[in-house]
Amino acid sequence: MTSNAPSDGPKAGRLQRWRESAERARVRAEEKFDQVESMRPRNRVVDALFGSFERDSAIGGALFAGAIAFRCFLLLVPYVFVVILTLGLGADASGSDPTTIARQAGITGLAANAVSAGSTASTSVRWITLIVAVYALISGARNLVRALRVVHAVAWRLPLRRSRNTTRQAFGLLLFVSMLSLLVRAVHAMLQVSIAVWVLGVLVLTLVPAGAWLWFSMRVFPRPDDATWIDLWPGALLVGVGLQVLQLVTVLYVARSEEHTSELQSPDHLVCRLLLEK
């Protein structure tokens, strides 16, 4: 027992100092938090931020965010499969090289390699996979629209009313996703022109999703009758900025990966990697 005392003493001392440092940091953080919270009556921005956080916590916003993210994933997986299989089948029908068709459509990198890898399967397998993917795509779009309607109803504390236009809204969502994908490719091509043109494209790529979200918030999602576009545009702008930041981060991350490894991967592995670029 006595032989362990010298070794235990320094360890216990370091542990105590760590605890004291953590306690001091916690106290300072609480003091700063109280100082910022005391600014709520005098600062509308601080009050809005605290109010948003409190409302998000009250309705379980993190849980809803996870549910929406999962629905988005279930939409993007069949979407990428449909694009890849359609280009591959189109190349077979025209007797062209799948990679050439993909590049003519403005698809390069991993996507072009995925189209080429997908063309190695038999035609019957690709048609069956395409039919299943189309069904999964429409189903995923409908489920995402329903989930967004539920989240908005809960956030606004409104009763959820059944919508008869879910399928039409789902096709509208798919059309918007396709147009947004083309816009992303166009903005990427603007980088070859000049930085100024690319910055302008990034601004447009931020405002387009924001405007689309504002339109959906006004026409599709539940909202109070007295809520106007002036009340909804800050949230729509946050969606646009968030999507743009996410897109830039994922593109920069994927750009560091070695694209030549995609030649050794199967089509389903390529699809999973392509989801990072969407």
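Everything below is about the structure printed above this text.
Caption draft 1: Looking closely at the pattern of salt bridges. The final tally for this structure, using the stated rule, is four salt bridges. For aspartate 47, the salt bridge goes to arginine 40, with nearest N and O atoms at 3.1 Å. Each of the salt bridges in this network shares a partner with another, and the network as a whole consists of Glu23, Arg26 and Glu30.

Caption draft 2: Highlighting the environment of arginine 157. Turning to its location among the elements, arginine 157 is positioned in the loop between helix H6 (123-155) and helix H7 (166-190). In this structure, the C-alpha to C-alpha distance between arginine 157 and isoleucine 59, residues 98 residues apart in sequence, is 9.3 Å. Those residues in contact with arginine 157, other than ones at most four positions away along the chain, are Arg55, Ala58 and Ile59.

Caption draft 3: Fine view of the packing of H7 against helix H8 (residues 195-219). Running from N to C, H7 and H8 point in directions that differ by 170°, and their axes come no closer than 8 Å. With respect to H8, the axis of H7 lies roughly antiparallel. Contacts between H7 and H8 involve Leu173, Phe176, Leu180, Leu183, Val184, Val187 and Met190 from the first element and Val197, Trp198, Gly201, Val202, Leu205, Val208, Pro209, Ala212 and Phe216 from the second. In terms of residue class, the contact of H7 with H8 is made up of 15 nonpolar, one polar and no charged.

What counts, and at which threshold
Residues numbered from 1 in each chain as written. Predicted model: local features only at pLDDT ≥ 70, side-chain atom pairs only at ≥ 80, totals over all residues. Heavy atoms only, no water. Salt bridge = Lys/Arg side-chain N within 4 Å of Asp/Glu carboxyl O. Helix = DSSP H or I, 4+ residues; strand = E, 2+ residues; numbered from the N terminus. Contact = heavy atoms within 4.5 Å. Axes fitted to C-alpha atoms, helices over the stretch in contact; angles between N-to-C directions. Parallel < 35°, antiparallel > 145°, perpendicular 65-115°, else oblique. Nonpolar A, V, L, I, M, F, W, Y, C, P; charged D, E, K, R; others polar.

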